[in-house]
Amino acid sequence: MTALASGPAGPSAGEPEALVTAVIDDVAVRVPVNTLIIRAAELLGTWIPRFCDHPLLDPVAACRQCLVQIDGMPKPQPACAIGLTDGMVVRTQATSAVAAEAQAGVMEFLLINHPLDCPVCDKGGECPLQNQAMSSGRPTSRFTEPKRTFPKPLALSSQVLLDRERCVSCARCTRFSDQIAGDPFIDLLERGSAQQVGIGDGVPFDSYFSGNTIQICPVGALTSTSYRFRSRPFDLVSTPTVCEHCAAGCALRTDLRRGQVMRRLAWEDPAVNEEWNCDKGRFAFTYISHERITEPLIRDREGVLQRASWSEAIAHAARLLAPALEHGRSAVLTGGRLTWEDACAYGRFARTVLGTDDVDFRNRPASAAEAEFLRSHVAAAPLGPTYDEICEAPLVMVVATDLEDECPILLLRLRAAVRRGSTQVAEISPVATGAQRKLSATRVNATAGQEGAVLAALNAFPAGTVIILGERAATVPGLFEAVGARIAAGARVAWLPRRAGERGALAAGLLPGLLPGGRPLLDPAARAEVGRAWGVDPSLLPTAPGRDAAGITEAAAAGELDALIVAGVDTRDAPDPHALRAALAGAGVLISLEQRHTEVTAQADVVLPVAAVTEKAGTFLDFEGRARPFPAADRQSGALTDARVLALLADEIGRPMGAQTVAAVRAEQVGLGRWQAGSATRSAPPPRAGRPAAVTGAQDAGRLRLATWHTLLDAGVLQRPEPGLAGTQRPAVVRLAAATATRLNLTAGSPCTVRTEHGAITLPLVITEMDEATVWLPTNSPGSAVRTALRAAHGDEVTVEAGHAPVVSS
Amino acid sequence: MSITSGLTPVITRDWATPDLFTLAGYQRTGGYSALRTALASDPASIITLVKDSGLRGRGGAGFPTGLKWSFVPQGGNTPRYLVVNADESEPGACKDIPLMLIDPHLLVEGVLIASHAIRAGHAFIYIRGEVPEAVRRVAGAVREARAAGLIGRNILGSGVDIEVTVHAGAGAYICGEETALLDSLEGYRGQPRLKPPFPAVAGLYAAPTVINNVETLANVPLIVANGVTWFRGFGTEQSPGFKLFAVSGHVTRPGIYEAPFGVTMRELLDYAGGMRRGSRLKFWIPGGCSVPMLTPDHLDVPLTYENLQAVGTMMGTGTPMLFDHTTSVVKAVARWLSFYEHESCGKCTPCREGTAWVADILHGFEQGRGERQQLTLLNDVCSQIAGRSFCALGDAAATPYPAAVHHFPAEFHAATETPVDVTFDPMLTTVFAAAGRR
């Protein structure tokens, strides 16, 4: 039984753990002391029936379904709550009539008031109560009294519904919300047989993690508005997949019926998401089948997009690209959502077909300092720091990210670690947040944009500290230097991009001056390796580092680019959406690879439809650098991956790059591997014009620094259409410190306007514990499109004043 | 030779003193002298004293008090608490509330001595909220004692600091379960906690905590004042001391009769003037409705923990209820089950579902709609609750029916055809109806 020693509840590595010998059903087991009986029995292959037990929740022993006999104890005991001690002799239902009778008795009690609506219940067919009723229940009911009923369903939120008569009061949902999510919005109310789960008056279950309660409900009491009555579990085709929304890399299960995604569940991966995911990952999938482009489109002489065959469209695109190929004046812009394989294909297409190094995946505020940091510290880095390593770090310093909004599963993992005392968290932030509360984190105050200076000024960190560095670090002056100093002093850094494809794009070399595996473009050995892998003469690869996204945007707008290939880019994500629109208009030829109509396809000369994440296999690299490969959930769609489309185009152009199937790209990249030479830093291209350094203006009344990030649920295009999910969005507000509001004569709840020279956003004011020289806005929430309206990023200077309109959309 | 019969007014010695509830009245009877003795002694020696006395908890379970105190880890600067369970709510139990009304300072003195013994700096008295008079009396006593320097910092110059807080519960039987009481006291919904950790290790606010019953603590000053030998001079080896037997039901003079353990129900019934005129005893319950009922055949069983256990019942709260021949045992059991159904907290399945089911079936019997095979079903359901529930409330709920059907099977059989109100005129069983007939 030595295999048991590495159970998930085991002590931290290197600590010898005390083993005990106990006997379960006459079989001796040797397990770590206090291993729960129910877990040890599982290892013997004995399934003790249970409802309230969940390996990731604290034991409650409420349902009493797992009663077993323990020698020396007069009453049967709950196997889910009692740890094995040396010499303990346990009998489960397999060898004890007492245990079997106790379990049968509890099962009878659970069933007497449970409705017989299995045929219409969402859980029917995958229901622990149904299954265990078959194994431990009576064939007929002895209950002749009227069953308990409740008005149904009760909406706990816009996406979670509760049918109280089905509930078995196991308290899994309430314990999850309290212990794991830190959102105790639901609790058990009333007592005795009237006990029920409920919410407070006017306080709905608006947790980012509420969907997990539906999944762990052992009966059909909790259902989602999106899946309720939509399907039967035995009609679903299930595929293990990976979430495409953020860089957490959550394992998911995608369930399809007749080619349509019906629902997604959190799937198990103890190293990553354990068994949880966020509501965005669970419910935001309807975009996949919403307003898709299914055929290639070509702009005709009248400027109207017309449907075309693939061969026609590819030939047309190749013709349009000819001048660009001749002069090498072309560029590739991708968003952060590509799979690693697709990103590899774009990188290769740019360098070997277009002959350009003008590539960037950062359709967001970025900087040369960030690119330099990514090239030197992230692109060629091996796996880690991993979730487990972060959770064991003596100190986790969170900088320039809000974990709840930008990587919710890392928040849950860290919260669990903080609860068991294996780490502690501090955050440099202008705003006191729910994430900090859930992590019992110390907030080190920093005016927005000053996080770098604050980090630099802190005392030395304990050895083994991990710094979590978020996306908006890119616009914080001096932050990467401060981080570099901390790395030199022994700290490890986890770069936490917001999007699932960013780490993969970086590894694929979708950054100027960077080749796959973190190889510096300027290094001849690196060029040689890449040339061999791609089957091209290394001398044909671009020799000088190209433009970054800002440079590409500027050049295209100035008419300096003959061709622009754009993939998965939402103009509203750009640091300055207006500038990107000008670039799209100014490019000689615009080729768009897209899933649905966007501002890019509206301007494109050729639109090539590509597969959505469910329609293709691929790999996301999560923020740890962990490869998260997934198969196609929908194998029938026939949609082509970006890589396949690029391969067709390359063939047509006459610079073939092979089939670019997922298998081919993986083989090519595995052969290539990571860049092993230690001289990555010398690859750095000369920094291009990045963001201007912070202005050190006087503190006029109303001149404040803007703190902004994307809330998890916002106006993002991949969250539509899903009204249930949208209903749990946090309302868009302006946040100010109390002193600032007083100084500016603003009152809580009144409209407050945040202004730049480009525009204004007016939202209700919420007084928040935060830095007094900072104002906070959500980046892309209804009524708060910061980049479009203000053309401002985190750390920029803005003006705050009383708003006159109620709430205006920008 | 121990005294095991006769009335022994010890706790109740001065209950006739009209102002006993005041500090002056209490001190006139020698009150708070035991506290002075205790404060002058080493806490460990008080624990030893109480251990040696053999004092057992008077709340129902009869756990040795000194042993309970000795479980609290000593040393270190962690806070420790004493919590008084004054949430007397068991049907039939009526001893703690009279004690608090008449002699609140005896409780306060016991609280202070016990707190000193376990080195608790803060004691909480959790009183059943439906009895505001008791809350006021105890709060008044605490106020007086504090003003007199008996509570607070440096009590009587001893250097010992003890704070006492009086808390009124909100009316839930489950909050008499000690861990549910702790949850309630902390401001949460009262539901029993998973053990371990036991309260002695992590109780109130996760600190080591002792929870004692009111009557238990009332014994403590007497033991400190009079010693172990004196205390053990009453009762038996395993049940030393004396007990407030609160006799209720169809007796001539219901009331609290203080007697040594070992006294018989027959003796107590004599003190209570026998059954009310013209009636004869049908069944009785030694200690609240949570213990199995007995019959007239058991009147000579000595009321001790060990003797009652030997006849298949328990001491419980030691508050006998006696029922005469006008009582329908079916109706009585159905009433009790309604109580348990109403008071079940809902946390665990057997109690939540089982009590409601048993109550439903019994109401069918009460109305003459019972079915023969349901008698077996009731036994099954009770055995599926007993020993399977989270706390003792479920065990208690499973107690009345099996004993009742064991002693009175014919009555249940009759209730399959005739409503019990037809067989037993409900008017005859009431106190006022019987009085009217006289």
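Sequence positions are assigned chain by chain, starting from 1 and proceeding in written order. Just so you know, chain letters begin at A and ligand numbers begin at 1, following the order they were written in. For a predicted model such as this one, the threshold for reporting local features is a pLDDT of at least 70, and the threshold for listing and counting side-chain atom pairs is 80 or more; totals across whole chains, interfaces and linings nevertheless cover every residue. To obtain the side-chain values, all non-hydrogen atoms of the structure were used and water was disregarded.

Some thoughts on the overall build of chain B
Definition in use: Elements are defined by DSSP. Helices are runs of H or I of four residues or more, strands are runs of E of two residues or more, and each kind is numbered from the N terminus. For the radius of gyration, the atom set is restricted to C-alpha positions; the globular benchmark scales as 2.2 Å times the number of residues to the power 0.38. When a residue's accessible area, from a 1.4 Å probe over protein chains only, is under 20% of the maximum for its type it is buried; when over 50% it is exposed; and in between it is partly exposed.
Looking only at helices and strands, one finds 21 helices and eight strands in chain B. Its C-alpha atoms give chain B a radius of gyration of 22 Å, near enough to 22 Å, the size a compact globule of 438 residues would have. With respect to the principal axes defined by its C-alpha atoms, chain B has extents near 70 × 45 × 40 Å. Across the 438 residues that make up chain B, the buried fraction comes to 61%.

Overview of the interface of chain B and chain A
A common way to report how large an interface is uses the accessible area buried once the components associate. Here is the rule: What makes two residues a contact is simply this: any of their non-hydrogen atoms within 4.5 Å. Note on terms: buried area is the combined drop in 1.4 Å-probe accessible area of two parts once they are placed together, counting the loss on both. Salt bridge criterion: a side-chain nitrogen from Lys or Arg within 4 Å of a carboxyl oxygen from Asp or Glu. Each residue is assigned to one of three groups, with Ala, Val, Leu, Ile, Met, Phe, Trp, Tyr, Cys and Pro labelled nonpolar, Asp, Glu, Lys and Arg labelled charged, and all others, Gly among them, labelled polar.
Counting residues at the interface gives 33 residues for chain B and 33 residues for chain A. Together chain B and chain A conceal approximately 2,600 Å² of surface at their shared face, both sides included; 50% is due to carbon and sulfur atoms. Summed over the three residues of chain B that lose the most area to chain A, namely Glu353, Trp357 and Arg388 of chain B, the buried surface amounts to 26% of that side. On inspection of chain B and its partner chain A, the count reaches four salt bridges. Of the charged contacts, one joins Arg148 of chain A and Glu353 of chain B as a salt bridge, the two residues approaching to 2.8 Å between their closest N and O atoms. Mapped onto the side of chain B that touches chain A, the elements with two or more residues apiece are helix H13 (329–343), helix H14 (349–366) and helix H15 (372–385) of chain B. Sort the elements by how many residues they give to the side of chain B that touches chain A and H14 of chain B lands first, with nine residues. A breakdown of the residues in the side of chain B that touches chain A according to their chemical character gives twelve nonpolar, eleven polar and ten charged.

Things to note about the pairing of strand E27 (residues 606–609) of chain A
All names here are of chain A. Defined as follows: The pairing criterion for strands is at least two bridges between them, as found by DSSP.
Burial along E27 is two-sided: the residues Val606 and Leu608 and Val607 and Pro609 are all buried. Examined bridge by bridge, strand E14 (residues 297–299) and E27 share two bridges and lie antiparallel to one another. By the bridge assignment, Ile298 is partnered in E27 with Val606. Sheet topology note: the strand E26 (residues 589–594)/E27 ladder contains four bridges and is parallel. Each bridged residue has a counterpart across the sheet, and for Ile591 the counterpart in E27 is Val606.

Structural notes on the pattern of salt bridges
All names here are of chain A. Overall, the coordinates contain 74 salt bridges over all chains when judged by the stated rule. We note a salt bridge from Glu274 to Arg413, for which the minimum N-O separation is 3.8 Å. Remark: Arg413 occurs in helix H12 (residues 408–419) and Glu274 occurs in the loop between strand E13 (260–266) and helix H6 (279–283); sequence separation between them is 139 residues. Taken as a pair, Glu274 and Arg413 share a single burial class, namely buried. Among the ionic pairs, Glu801 bridges to Arg755, the shortest N-O distance being 2.7 Å. With Glu801 in strand E37 (residues 797–802) and Arg755 in strand E32 (residues 751–756), this pair connects stretches of sequence that are 46 residues apart. Three or more residues are tied together by salt bridges with common partners; here these are Asp117, Lys152, Asp163, Glu165, Arg166 and Arg228.

A short note on the sheet that holds strand E20 (residues 442–445) of chain A
Each strand in a sheet pairs with its neighbour through backbone hydrogen bonds, running either in the same direction (parallel) or in the opposite one (antiparallel). Residue and element names in this part refer to chain A. Spelled out, the test is: Angles here are taken between N-to-C directions and fall from 0 to 180 degrees, while the axes themselves are lines fitted to C-alpha atoms, restricted in helices to the stretch in contact.
Taken together, the five strands give an open sheet; going across it, the order is E20-E19-E18-E21-E22, and neighbouring strands pair in parallel fashion. Each having just a single partner strand, E20 and strand E22 (492–496) make up the two edges of the open sheet. Going across the sheet, the axis of each strand differs from the next one's by a mean of 20°, ignoring polarity. Pairing geometry for strand E21 (residues 466–470) and E22, over five bridges, is parallel. Pairing of Val466 across the sheet is with Arg492, part of E22.

Considering the side chain of Ser53 of chain B
Residue and element names in this part refer to chain B. Applicable threshold: Any pair of N or O atoms that falls within 3.5 Å is considered a polar contact. Within protein, one atom must be able to donate a hydrogen and the other to accept it, and sequence-neighbouring residues count only if both atoms are side-chain atoms.
Its location among the elements puts Ser53 in helix H3 (residues 43–53). Judged by relative accessible area, which is 0%, Ser53 ranks as buried. Polar side-chain contacts of Ser53 include one of 3.1 Å to the backbone nitrogen of Leu55. Residues in contact with Ser53, not counting those within four places in the same chain, are Ile223, Val228, Phe231, Arg232 and Pro240.

Brief notes about the nonpolar core
Cut-off, in case you're wondering: Among the buried residues, those of types Ala, Val, Leu, Ile, Met, Phe, Trp, Tyr and Cys that are joined through side-chain atoms within 4.5 Å form a nonpolar core.
Core analysis: the largest hydrophobic core is formed by 83 residues, its most contacted members being Ile37 and Leu84 of chain A together with Met293 and Trp336 of chain B. The element that contributes the greatest number of residues to this core is H13 of chain B, accounting for nine residues. Beyond its immediate sequence surroundings of up to four residues, Leu84 of chain A is in contact with Val20, Ala22, Ile24, Val29, Val31, Val33, Asn34, Thr35, Ile37, Ala40 and Val90 of chain A.

Some details on the domain arrangement of chain A
What counts, and what does not: Start and end points for every domain follow an automatic or database-based domain assignment.
Domain annotation for chain A reports domain 1 (19–112), domain 2 (150–289), domain 3 (297–364 + 503–681), domain 4 (371–497) and domain 5 (703–802). For domain 1 of chain A and domain 4 of chain A, the distance between their C-alpha centres works out to 41 Å.

Some points on the confidence of the model for chain A
Applied cut-off: Confidence per residue, as judged by the predictor, is encoded in pLDDT with a range of 0 to 100.
Confidence in the prediction of chain A, expressed as mean pLDDT, is 93, and 94% of residues score 70 or more. Scored below 50 in pLDDT, residues 679–698 of chain A makes 30 contacts in the model with residues more than four places away or belonging to other chains.

Some words on a nonpolar patch on the surface
Here is the rule: Patches draw on residues past 30% relative accessible area with no salt bridge. Two like charges within 9 Å are joined, as are two nonpolar side chains (Val, Leu, Ile, Met, Phe, Trp, Tyr) within 5 Å. Computed by Shrake-Rupley with a 1.4 Å probe, the accessible areas treat only the displayed protein chains as cover when residues are assessed.
The grouping of Phe63, Leu67 and Phe71 of chain B at the surface amounts to a nonpolar patch, some 270 Å² of accessible area in total. Judged by its relative accessible area of 33%, Leu67 of chain B is partly exposed.

Side note on the state of the cysteines
For clarity, the threshold we go by: The disulfide definition used here is simple: a pair of cysteine sulfur atoms within 2.5 Å.
Within the structure shown, the criterion is met by zero disulfides over all chains. Here Cys250 of chain A stays unpaired: no disulfide links it, and the sulfur of Cys243 of chain A, its closest cysteine neighbor, is 5.9 Å away.

So, the packing of H3 of chain B against helix H10 (residues 214–232) of chain B
All names here are of chain B. Rules: In this scheme, roughly parallel covers angles under 35 degrees and roughly antiparallel covers those over 145, while 65 to 115 is roughly perpendicular and the rest are oblique. Note on convention: near helix rotated counterclockwise from far helix by under a right angle means a left-handed crossing. Clockwise means right-handed.
Packing of H3 against H10 brings their axes to within 9 Å, and their N-to-C directions diverge by 30°. Classed by the angle they form, the pair H3 and H10 counts as roughly parallel. H10 is crossed by H3, and the crossing has left-handed handedness. Side by side, H3 and H10 meet where Leu49, Asp52 and Ser53 of the first sit next to Ile223, Val224, Val228, Phe231 and Arg232 of the second. The residue makeup of the contact of H3 with H10, split by class, is five nonpolar, one polar and two charged.

Overview of helix H2 (residues 97–112) of chain A
Under the convention used in this document: The length a helix should cover is 1.5 Å for every residue beyond the first.
Between its terminal C-alpha atoms H2 of chain A stretches 22 Å, which fits the 22 Å expected from 16 residues at 1.5 Å a residue. Buried within H2 of chain A are the following residues: Ala99, Ala102, Gln103, Gly105, Val106, Met107, Glu108, Phe109, Leu110 and Ile112 of chain A. Of the surrounding secondary structure, the elements contacted by the buried residues of H2 of chain A are strand E3 (67–70), strand E5 (89–91) and helix H3 (128–136) of chain A together with H14 and H15 of chain B. N-cap assignment for H2 of chain A: the residue whose side-chain oxygen lies 3.2 Å from the backbone N of Val98 of chain A is Ser96 of chain A.

Here's the deal with the packing of aromatic side chains
Note the threshold: Ring pairs shown here join Phe, Tyr and Trp side chains whose ring centres sit within 6.5 Å, with only the six-membered ring taken for Trp; geometry is labelled stacked below 30 degrees between planes, edge-to-face above 60, and tilted in between. Two thresholds decide whether a charge sits over a ring: the Lys NZ or Arg CZ must be within 6 Å of the ring centre and within 35 degrees of the ring normal.
A complete count under the given rule lists 26 aromatic pairs over all chains for this structure. Relative to Phe261 of chain B, the ring of Phe245 of chain B lies with its centre 6.4 Å away and its plane at 80°, an arrangement referred to as edge-to-face. Of this pair, Phe245 of chain B sits in strand E5 (residues 242–249) while Phe261 of chain B is found in the loop between strand E6 (255–260) and helix H11 (265–271), placing the two residues 16 residues apart along the sequence. Aromatic rings pair up to connect Trp230, Phe231, Phe234 and Phe242 of chain B into one cluster. Cation over ring: Arg730 of chain A sits above Tyr208 of chain A, and NZ or CZ is 3.8 Å from the ring centre. In this arrangement the basic side chain of Lys347 of chain B is found over the ring face of Phe390 of chain B, its NZ or CZ atom lying 4.6 Å from the centre.

Regarding the packing of H2 of chain A against H15 of chain B
One can describe the packing of H2 of chain A onto H15 of chain B by two numbers: an axis separation of 9 Å at closest approach and a directional angle of 105°. The orientation of H2 of chain A with respect to H15 of chain B, classified from their angle, is roughly perpendicular. Contacts between H2 of chain A and H15 of chain B pair Gly105, Glu108 and Phe109 of chain A from the former with Val381, Gln384 and Ile385 of chain B from the latter.

With respect to the sheet that holds strand E10 (residues 222–224) of chain A
Residue and element names in this part refer to chain A. Taking strand neighbours across the sheet as the criterion, the three strands line up as E6-E7-E10 in an open arrangement whose pairing is antiparallel. Edge strands, defined here as strands with exactly one partner in the open sheet, are strand E6 (154–155) and E10. With two bridges connecting them, E6 and strand E7 (residues 160–162) associate as antiparallel partners. Bridging across to E7, Ala155 finds its partner in Leu161.

Comments concerning the environment of Cys118 of chain A
Residues and elements named next belong to chain A. Along the chain, Cys118 turns up in the loop between H2 and H3. Since its relative accessible area comes to 27%, Cys118 is described here as partly exposed. C-alpha separation for the pair Cys118 and Thr756, spaced 638 residues apart in sequence, amounts to 58 Å. Excluding anything up to four places from it in sequence, Cys118 contacts Gly124, Gln130 and Arg232.

Looking at H10 of chain B
All names here are of chain B. Let me state the cut-off plainly: Consider a residue and the seven residues that end there alongside the seven that start there; fitting an axis to each set, the bend is the angle between those axes.
Look at H10: only 20 Å from first C-alpha to last across 19 residues, short of the 27 Å you get at 1.5 Å a residue. Where H10 bends most, at Asn226, the angle is about 110°. Taking burial as the measure, the 19 residues of H10 include 14 buried ones, the bulk of the element. The N-terminus of H10 is capped by Asn213, whose side-chain oxygen sits 2.8 Å from the backbone nitrogen of Glu215.

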